[in-house]
Amino acid sequence: MSQIGDIVVGPDQRLKTECKPVEKIDDGIKELAARMLEDMYATDGCGLAAPQVGELIQLVVIDVDYGSGKKNPYVLINPTIVTADGDEVETGEGCLSFPGVTLQVKRPSHVVVRAKNLDGDLIQYEAHDNLLAVCLQHEIDHLHGITMFDHLSPLKRVRAMREYEDALANGAKPGDVE
Ligand code: NI
């Protein structure tokens with residue numbers, strides 16, 4: 001019953017795995033997207049990638065407007081980053097698969113992404129210097145086995161991993177931030 005229990009929590013090999021492209025947008029994919037959106041809203045996340053629910057395919061859901069009280073879900077199938085440039089900006093990021101920690105991650109501020117939606121239409125998304133720009137990059141990383149820890153310097157990564165282990169030991173659950 002617990003939807004939050006569906007979230008894969010690190011460390012887990014599934015979070016380090018290159019995911020396969022979706023070949024056919026069938027009912028199974030549509031059901032998975034709907035379930036992922038439910039999980040994301042239930043945990044107050046702004047994005048969720050399929051490997052985070054144990055499905056190693058290239059599917060991501062995002063909603064950066066939910067905090068404002070209105071749902072505006074995006075479903076991205078086989079997303080690719082066309083452009084990632086602009087000044088690097090540092091943002092405090094959380095991840096449903098690494099509960100209890102917020103990490104300062106530097107990423108390019110401008111991003112253009114192309115992905116199919118559930119209707120099979122190719123959609124282009126562009127984001128500059130906002131939560132969507134961060135979220136697109138963070139979620140697409142998940143499809144290639146990359147987590148926010150991988151963007152830190154070795155020293156900061158060790159520190160962040162220790163902080164995360166402490167958070168887990170203290171019972172952090174998906175949706176908890178710092
Ligand atoms: Ni994440």
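Rules behind the numbers
Residues numbered from 1 in each chain as written. Predicted model: local features only at pLDDT ≥ 70, side-chain atom pairs only at ≥ 80, totals over all residues. Heavy atoms only, no water. Helix = DSSP H or I, 4+ residues; strand = E, 2+ residues; numbered from the N terminus. Rg over C-alpha atoms; globule rule 2.2 N^0.38 Å. Buried < 20%, exposed > 50% of the residue type's maximum accessible area, 1.4 Å probe, protein only. Contact = heavy atoms within 4.5 Å. Lys, Arg positive; Asp, Glu negative; His and termini not counted. Charge placed at Lys NZ, Arg CZ, Asp CG, Glu CD. Donors = N, O, S within 2.8 Å, 3.2 Å for Na, K, Ca; no water. Polar contact = N/O pair within 3.5 Å; in protein donor to acceptor, adjacent residues only side chain to side chain. Disulfide = S-S within 2.5 Å. Pairing = 2+ DSSP bridges. Axes fitted to C-alpha atoms, helices over the stretch in contact; angles between N-to-C directions. Expected span 1.5 Å × (residues − 1).

> Mind showing me how you'd approach the overall build of the protein chain here?
Along the protein chain, the regular secondary structure elements total three helices and five strands. The order of α-helices and β-strands along the protein chain, N terminus first, is α-β-β-β-β-β-α-α. Here the C-alpha atoms of the protein chain give a radius of gyration of 15 Å, agreeing with the 16 Å that 2.2 N^0.38 yields for 178 residues. Considered along the principal axes of its C-alpha atoms, the protein chain spans approximately 45 × 45 × 35 Å. Buried positions account for 44% of the 178 residues belonging to the protein chain. Long-range pairs, those at least 24 residues apart, make up 65% of the contacts in the protein chain with a sequence separation of at least 6. The distance from the centre of the 17 positive side-chain charges to the centre of the 30 negative ones in the protein chain is 4 Å.

> Would you explain the coordination of the nickel ion in this entry?
Reference values for angles at a metal are 109.5 degrees in the four-donor tetrahedral case and 90 or 180 degrees in the six-donor octahedral case. Protein coordination at the nickel ion comes from Cys 95 (SG), His 138 (NE2) and His 142 (NE2), with a distance range of 2.1 to 2.2 Å. All donors of the nickel ion belong to a single chain; written as a sequence motif, their spacing is C-x42-H-x3-H. Of the two residues, His 138 and His 142 both sit in helix H2 (residues 131–142), four residues apart, roughly one turn of that helix. You'll find His 138 and His 142 in the same group, each marked buried.

> Is there a simple way to explain the side chain of His 138 in this structure?
Judged by its relative accessible area of 7%, His 138 falls in the buried class. At 2.8 Å, the side chain of His 138 and the side chain of Glu 93 are in polar contact. In contact with His 138, not counting residues within four places along its chain, are Glu 93, Gly 94, Cys 95, Arg 107 and Met 148.

> Quick question: what am I supposed to make of the state of the cysteines here?
Among covalent bonds in proteins, the disulfide is the one between the sulfur atoms of two cysteines. As enumerated under the stated definition, the model contains zero disulfides in all. This cysteine, Cys 46, is not joined by any disulfide, and Cys 135 carries the nearest cysteine sulfur, 3.6 Å off. For Cys 46, a relative accessible area of 27% translates into the label partly exposed.

> Could you clarify how one ought to interpret the sheet that holds strand S3 (residues 74–93) in this entry?
Sheet strands associate in pairs through backbone hydrogen bonding, adopting either a parallel or an antiparallel arrangement. On the basis of which strands lie adjacent, the open sheet formed by five strands has the order S1-S2-S3-S4-S5 and antiparallel pairing. Whereas interior strands pair on both sides, the edge strands pair on one side only; in this sheet they are strand S1 (47–49) and strand S5 (122–128). Across the sheet, the axes of successive neighbouring strands diverge by a mean angle of 30 degrees, strand direction being ignored. By the bridge criterion, twelve bridges tie S3 to strand S4 (residues 103–116) in an arrangement that is antiparallel. In the strand pairing of S4, Val 89 is matched with Arg 107. The sheet contacts of helix H1 (residues 27–42) involve S1, strand S2 (59–62) and S3, and relative to S2 the element is tilted by about 40 degrees.

> Mind showing me how you'd approach H1 here?
Owing to its 3.6 residues per turn, the α-helix aligns residues three or four sequence positions apart on the same side. For H1, which comprises 16 residues, the first-to-last C-alpha distance of 22 Å matches the rise-based estimate of 22 Å (1.5 Å per residue) to within 8%. All of the buried residues along H1 are Ile 29, Leu 32, Ala 33, Met 36, Leu 37, Asp 39, Met 40 and Tyr 41. The inward-facing, buried residues of H1 contact S1, S2 and S3. Structurally, the start of H1 carries an N-cap: the backbone nitrogen of Gly 28 is 3.2 Å from a side-chain oxygen of Asp 26. Where H1 terminates, the next one or two residues include Asp 44, which has phi positive at roughly 60 degrees.

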